[in-house]
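Read off the chains here:
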Amino acid sequence: METKTLVLGVIGSDVHAVGNKILEISFSEAGFNVVNLGVLVSQKEFVEAAIETNADAIMVSSLYGHAEIDCRGLREALIEAGIGDILMYIGGYLVVGSQEWSEVEEKFRNLGFDRVYPPSTLPQDVIPQLRADLGV
Amino acid sequence: MRLIILIDIGSTFTKVSAVDISAPALLANTKAPTTPDDVSVGLDAALSSLKETLEAQGVSRTEIENCRKLACSSAAGGLRMVAVGLVADLTAKAAKLAALGAGARVLKTYSFQLTDADKAEIEELQPDIILLAGGTDGGNQSNIIHNAKVLGSMNLGIPVVIAGNRSVSREAASYLSKSCSTYIADNVMPEIGKLQVEPARNVIRQVFMEKIIYAKGLAKASRLIEGIFMPTPAAVLRTGVLLSKGAGSVRGWGDLMIVDVGGATTDVHSIGSGNPTKPGAVVRGLPEPFSKRTVEGDLGVRVSAVPLVEVIGPHVLGERLNMETTVVQQKAQKMANNPEVLPETSEGKRFDQALGYYAAHIAVGRHVGHLKEIYTPSGVLWVQEGKDLSNVQTVIGTGGVFISNSEPLAMLRGVSQDSTTPFELRPENPTYYLDRDYLMAPIGLLAEEYPEAALSVLANSLEVLS
Ligand code: B12
């Protein structure tokens, strides 16, 4: 199998580090090449890291409730940088308070994410879908 | 006694020093004007006057003639390089840092795909070496290949050092080999967040020794001596590392900075990890080299006096010196037109000092890391980009500007933290030293083979300023 590269990070001014570490370990063990940018990652850093590493997917986390603001314009920035069709997932605590999940999902799909995951998603739920999307 | 003669062929002066490495001491120090058409003439002149001084001290002629003679050079424009990478803040910046650390003057740094306009510009810039990077290992391949093809189509006839994605280094070299000699080094940025400049620096130095000194006509001088081993700034950086780390029984001085305010440019070197000192600060951005060099082409106190005054703000300088703005600008223009003239009047000296102060101040501000406040739902968070040098205890001033001025300390104080720069991670309360005998470059030539002796000689010559 060809090794696929994932760029991983927690977007915005968000410092929740634990989930990010767990994702790094799980995706690496599943055979992916993981480029982990850690916490406090700006849109620019996601875009630039994806370019240099020729990444196959970007995995965004957001836990602190500001995902929508932080992610607005990210897909557009990727398009500008010439890698607009890269696969992009998001997970964590995406919104504040209890909102209908289908609405949350739609909101983030409209922001350019290919898959949107609710709180407490486990890596083993994600990996098969990721493999399928990347054709490995 | 074991005599070694150290030579620094500069753009204006050729400086030679004689050191005894068995009972470590500086024996003599002389200089002669550099002769650009044939540097061996100026070197010969400097060497003969050194011989005289040594003979007067009772050193025998045969000893002088047979001793090792090592040189570094910044003559003939120094080592002129162009750096090419992919993303401006990632591999392009890494390539630039690598070239600077190798002692080069980086004429321009290019990111993404080279265009026809870039091509024309590079042809005009006439670099001595191009450093080609792009892509982490296993990462992007297409950009470095594109750029190799563009450079390969140009008939440059110069060495190209390739230090990008290792999966395609050879392929990139194949597109260049028709018109250029190619050298492959490890990637300057093998993965995101990891800088690896040493291998590229070493290859650049090798190419400098083997090729560039011939291309620049410096080889004639190297017949008088053992060899020209590196560009002068690379030697300064080595001296810094040696002094910081120590050698054998001689203790190192720890983290330090070297500031060289020149007529045309201002160089800043820092040796140290630059880890955060502010509790809880998070480091972001490209990690920076342990031994880091930056060069500011717009900050200099003679040839670059006009752009320097623009950066400072003529009114700021005018207020400080109690002068009309237009007078400030005229004075700067005068200095640029007559770079060899030293100020005689007290007003002229004060002007010179102020320029030196600001050149050091601004250059260090660009060199050091910065703090940014981020407001988060849980309060303020500090993010650090670049090196935190606030705890640096040793700052060394080197170069003719500091030595010839009666108040070097007044200029060097521009380095440290003040109320106007709260977010710049400058040394807070350092001790300042003057490189009284111009030893920062020559000592670097001894650093590898005779580190202990080199360090003793240097330590004796650094003068505390207070
Ligand atoms: C520990 C913690 C903190 C610590 C973080 C320490 C650190 N450096 O990591 C501290 C105290 C600093 C903190 C601060 C804050 N926190 Co907090 N924090 C938590 C807590 C208790 C646990 C987070 C955690 O580590 N979980 C364990 C990991 C393994 O799970 P995870 O992060 O969710 O990640 C998993 C999945 O979500 C998923 N996943 C995550 N990202 C992605 C991405 C993709 C692509 C995929 C597929 C999957 C995926 O996979 C991961 C592994 O299974 C949670 C509550 C909770 N129980 O979850 C609140 C919580 C996340 N925090 C919250 C809040 C509000 C804050 C603060 C704003 C509080 C404040 N006002 O001070 C600040 C924000 C600070 C900042 N700038 O980021 C809220 C968020 C509410 C919201 N979004 O609506 C939560 C949910 C608590 C709550 N119920 O109110 N917090």
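Digging into the domain arrangement of chain B
Residues and elements named next belong to chain B.
Part 1: Structurally, chain B comprises domain 1 (3-76 + 216-225), domain 2 (79-212) and domain 3 (236-465).
Part 2: The centre of domain 1, based on its C-alpha atoms, is set 28 Å off from the matching centre of domain 3.
Part 3: Counting from both sides, the interface comprises 17 residues of domain 1 and, opposite them, twelve residues of domain 3.
Part 4: The interface formed by domain 1 and domain 3 holds one salt bridge in total.
Part 5: The partner of R68 in a salt bridge is E449, with the nearest N and O atoms 2.8 Å apart.
Part 6: At the junction of domain 1 with domain 3, the criterion picks out three residue pairs in polar contact (both at pLDDT 80 or more).
Part 7: Counting only elements with at least two residues in the side of domain 1 that touches domain 3, the list comes to β1 (3-9), β2 (13-20), β3 (25-33) and β4 (68-73).
Part 8: Among the residues forming the side of domain 1 that touches domain 3, the class breakdown is eleven nonpolar, two polar and four charged.

Here we look at the site of the ligand
Part 1: Close to the ligand lie 29 residues; S13(A), V15(A), H16(A), A17(A) and S61(A) are nearest.
Part 2: The environment of the ligand is shared, with nearby residues belonging to chains A and B.
Part 3: A17(A) places a polar main-chain atom, nitrogen or oxygen, 2.7 Å from an oxygen atom of the ligand.
Part 4: A distance of 2.7 Å separates a nitrogen atom of the ligand from a polar atom in the side chain of S61(A).

So, unusual backbone geometry
Of all residues except glycine, most have a negative phi; of all peptide bonds, most are trans.
Part 1: Despite not being glycine, L40(A) shows a phi value in the positive range, around 60°.
Part 2: Counting through the fold element by element, L40(A) comes out in the loop between β2 (33-36) and α2 (43-53).
Part 3: Positive phi, normally seen in glycine, also occurs at A76(B), with a value near 55°.
Part 4: The residue A76(B) is located in the loop between β4 and β5 (79-84) in this model.

So, the nonpolar core
Part 1: Formed by 83 residues in total, the largest nonpolar core has its most connected members in F113(A) and L131(B).
Part 2: In terms of residue count, helix α7 (residues 198-215) of chain B provides more of this core than any other element does, seven residues in total.
Part 3: In this structure, this core is formed jointly by two domains, domain 1 (3-76 + 216-225) and domain 2 (79-212) of chain B, each of which donates at least three residues.
Part 4: Not counting residues within four places of it along the chain, the set of residues in contact with F113(A) comprises V60(A), C71(A), L74(A), M88(A), Y89(A), I90(A) and F108(A).

So, the interface of chain B and chain A
Part 1: Listed per partner, the contact involves 22 residues of chain B and 17 residues of chain A.
Part 2: For the pair chain B and chain A, the two sides together bury roughly 1400 Å², of which 59% comes from carbon and sulfur.
Part 3: The salt bridge involving E45(A) is made with R284(B); its shortest N-O contact spans 2.9 Å.
Part 4: Our count for the contact surface shared by chain B and chain A stands at nine residue pairs in polar contact (both at pLDDT 80 or more).
Part 5: Put simply, the parts of the chain that give the side of chain B that touches chain A at least two residues each are β15 (282-284), β17 (370-376) and β18 (379-385) of chain B.
Part 6: Among the elements that line the side of chain B that touches chain A, the one with the most residues is β17(B), at three residues.
Part 7: A class-by-class count of the residues in the side of chain B that touches chain A yields eleven nonpolar, nine polar and two charged.

Structural notes on the coordination of the cobalt atom of the ligand
Part 1: Looking at the protein side alone, the cobalt atom of the ligand has one donor only, H16(A) (NE2), at 2.3 Å.
Part 2: Inspection of the secondary structure assignment puts H16(A) in the loop between β1 (5-10) and α1 (18-29).

Some details on the environment of Y432(B)
Residues and elements named next belong to chain B.
Part 1: Turning to its location among the elements, Y432 is positioned in strand β20 (residues 431-435).
Part 2: With 39 residues separating them in the primary sequence, Y432 and Q393 have C-alpha atoms 8.4 Å apart.
Part 3: If sequence neighbours within four positions are ignored, Y432 has contacts with V395, L409, L412, R413, V415, S416, E463, V464 and L465.
Part 4: Of the polar contacts made by the side chain of Y432, one reaches the side chain of S416; its length is 3.4 Å.

What to know about the pattern of salt bridges
Part 1: Across all of its chains, the model carries 28 salt bridges over all chains by this definition.
Part 2: R72(A) serves as the salt-bridge partner of E68(A), at 2.9 Å between the closest nitrogen and oxygen.
Part 3: Residue E68(A) is classed as partly exposed on the basis of its relative accessible area, which comes to 26%.
Part 4: E55(B) is the salt-bridge partner of R61(B), the closest N and O atoms lying 3.1 Å from each other.
Part 5: Here E55(B) falls in the partly exposed class, since its relative accessible area comes to 29%.

Overview of helix α6 (residues 123-134) of chain A
Because each turn of an α-helix spans 3.6 residues, side chains separated by three or four positions end up pointing in the same direction.
Residues and elements named next belong to chain A.
Part 1: Over its twelve residues, α6 runs 16 Å from end to end, which matches the ideal 16 Å to within 8%, given 1.5 Å per residue.
Part 2: Of the surrounding elements, those touching the buried residues of α6 are β1, α1, β3 (57-62) and β4 (87-92).
Part 3: One or two positions beyond α6, positive phi appears at G135, with a value near 70°.

Cut-offs used in this document
- Residues numbered from 1 in each chain as written.
- Chains lettered and ligands numbered in written order.
- Predicted model: local features only at pLDDT ≥ 70, side-chain atom pairs only at ≥ 80, totals over all residues.
- Heavy atoms only, no water.
- Domains from an automatic or database assignment.
- Contact = heavy atoms within 4.5 Å.
- Salt bridge = Lys/Arg side-chain N within 4 Å of Asp/Glu carboxyl O.
- Polar contact = N/O pair within 3.5 Å; in protein donor to acceptor, adjacent residues only side chain to side chain.
- Helix = DSSP H or I, 4+ residues; strand = E, 2+ residues; numbered from the N terminus.
- Nonpolar A, V, L, I, M, F, W, Y, C, P; charged D, E, K, R; others polar.
- Near = heavy atom within 4 Å.
- Core = buried A, V, L, I, M, F, W, Y, C linked by side-chain atoms within 4.5 Å.
- Buried < 20%, exposed > 50% of the residue type's maximum accessible area, 1.4 Å probe, protein only.
- Buried area = accessible area lost by both parts, 1.4 Å probe.
- Donors = N, O, S within 2.8 Å, 3.2 Å for Na, K, Ca; no water.
- Expected span 1.5 Å × (residues − 1).

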